[in-house]
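If you want the building blocks of each chain, they are given just below.
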Amino acid sequence: LFSVPIGAWIENKSLQKVMIYSDLLRIVAIIFFVIFNTYFSYHIAIILMFYLGSMSVLFNPANQSLLPHIIHPSDRAVANSTLQMTNFTMGTLGLVITPLLISWQVSLNLIFILAIICLIFSLLGILLIRPFYRNSLSQNKSSIRLIAEGFRFAFRHQTIRLVLS
């Protein structure tokens, strides 16, 4: 739902800054939850999880778009495979470890603090990548035009059309 407009918006932005803002927005949301969670129900925690997942729609395309800028062409296949495997592994570990911690009655605040620590490590890693990169293919096109092209492609592509219908 959000991928096409966000992908178009990212095209004209500094990739590392998009990733940094995504991580910062996640950290702020988690801190807000940790501070005020005594006033919230688990329903709010579910909304927070949806929000945190939505922030990955910002982070992941910028992350993948950055790869060709920082990796030599001969190493891109291995680097992309490593990136995808790392993302899959960490996502799976999160899905296994979080319920396990909850079943051991680890407080939700501690679990969220661990998430904040992981996001801080992510921020530190992103800050090490210099200079800041932008995609150069679409710099002459407006975000609205890129969004329109993205939706046009999605609706013309037979496989995507089957999934959407």
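Note: the structure precedes this text.
Remember, predicted model here, so these are calculated numbers, not experimental data.

Summing up its helical and strand segments, the chain has 7 helices and 0 strands in all. Listing each helix as α and each strand as β along the chain from the N terminus yields α-α-α-α-α-α-α. If one aligns the C-alpha atoms of the chain with their principal axes, the spans along those axes are about 50 × 40 × 25 Å. Every one of the 165 residues in the chain was classed for burial, and the buried ones make up 28%. Taking the contacts inside the chain whose residues are at least 6 apart along the sequence as the reference set, 78% of them involve residues at least 24 apart.

Relative to the assigned elements, Ser 22 resides in helix 2 (residues 15-36). Residue contacts for Ser 22: discarding those within four places in its chain leaves Met 55, Leu 58 and Phe 59.

Turning our attention to the packing of helix 3 (residues 42-70) against helix 4 (residues 76-103). Between helix 3 and helix 4, the least distance of the axes is 10 Å, while the angle of their chain directions is 155°. By the angle between their axes, helix 3 is roughly antiparallel relative to helix 4. Handedness of the helix 3/helix 4 crossing: right-handed. Contacts from Asn 63, Gln 64, Leu 67 and Pro 68 in helix 3 reach Arg 76, Ala 79, Asn 80, Leu 83, Gln 84 and Asn 87 in helix 4. For the contact of helix 3 with helix 4, the residue count by class is 4 nonpolar, 5 polar and 1 charged.

Counted according to the given criterion, the structure contains 2 aromatic pairs. With a centroid separation of 4.9 Å and an interplanar angle of 50°, the aromatic rings of Phe 32 and Phe 36 are classed as tilted. Here Phe 32 pairs with Phe 36, and both are found in helix 2, just 4 residues apart, close to one helical turn. Under the relative-accessibility criterion, Phe 36 is labelled partly exposed at 34%. Aromatic side chains Phe 33 and Phe 112 sit 5.0 Å apart centroid to centroid with 70° between the ring planes, which places their arrangement in the edge-to-face category. Of this pair, Phe 33 sits in helix 2 while Phe 112 is found in helix 5 (residues 108-127), placing the two residues 79 residues apart along the sequence. Accessibility assignment for this pair places Phe 33 and Phe 112 in one class, buried.

Before going further, it helps to spend a moment on helix 3. Taking 1.5 Å per residue, 29 residues should reach 42 Å; helix 3 reaches 41 Å between its end C-alpha atoms and fits that length. Of all the bends found along helix 3, the most pronounced is centred on Leu 58 and spans about 25°, while Pro 61, a proline, follows it within four residues. Buried positions along helix 3 lie against helix 1 (3-11), helix 2, helix 4 and helix 5.

Time to look at the nonpolar core. Counting residues in each nonpolar core, the largest one holds 26 residues, and the members touching the most others are Ile 10, Met 19, Ile 30, Phe 33, Leu 48, Ala 62 and Phe 112. Going through the elements one at a time, helix 1, helix 2, helix 3 and helix 5 are the ones with two or more residues in this core. Setting aside its immediate chain neighbours within four residues, Ile 30 contacts Leu 52, Phe 112, Ala 115, Ile 116 and Leu 119.

Basis of the calculations
- The residue count restarts for each chain, going from 1 along the sequence in the order it is written.
- Where totals are concerned, whole chains, interfaces and linings use all residues; where local detail is concerned, this predicted model gives features only for residues with pLDDT of at least 70, and gives and counts side-chain atom pairs only at 80 or more.
- Values reported for side chains reflect all heavy atoms of the structure, with hydrogen atoms and water molecules removed beforehand.
- The secondary structure listing takes helices from DSSP runs of H or I that are at least 4 residues long and strands from runs of E that are at least 2 residues long, numbered from the N terminus.
- Exposed residues in this analysis have more than 50% of their type's maximum accessible area, buried residues have under 20%, and partly exposed residues fall in between, with area computed by a 1.4 Å probe over protein chains only.
- Should any heavy atoms of two residues lie within 4.5 Å, those residues are considered in contact.
- Lines fitted to C-alpha atoms define the axes, with helix axes restricted to the stretch in contact, and inter-axis angles between N-to-C directions lie between 0 and 180 degrees.
- Small angles under 35 degrees read as roughly parallel and large ones over 145 as roughly antiparallel, with 65 to 115 read as roughly perpendicular and the rest as oblique.
- Helix crossings are classified by the rotation of the near helix relative to the far one: an anticlockwise turn of less than a right angle makes the crossing left-handed, while a clockwise turn makes it right-handed.
- For this scheme, ten residues count as nonpolar: Ala, Val, Leu, Ile, Met, Phe, Trp, Tyr, Cys and Pro. Four count as charged, namely Asp, Glu, Lys and Arg, and the remainder, Gly too, count as polar.
- Stacked, edge-to-face and tilted are the three classes for Phe, Tyr and Trp ring pairs, Trp counted by its six-membered ring, which pair at centre distances within 6.5 Å; planes under 30 degrees apart are stacked, over 60 edge-to-face, the rest tilted.
- Working rule for helices: expected span equals 1.5 Å times residues minus one.
- Bend at a given residue is defined as the angle between two axes, one fitted to the seven residues that end at that position and one fitted to the seven that begin there.
- For this analysis, a nonpolar core means a set of buried residues of the types Ala, Val, Leu, Ile, Met, Phe, Trp, Tyr and Cys, connected via side-chain atoms within 4.5 Å.

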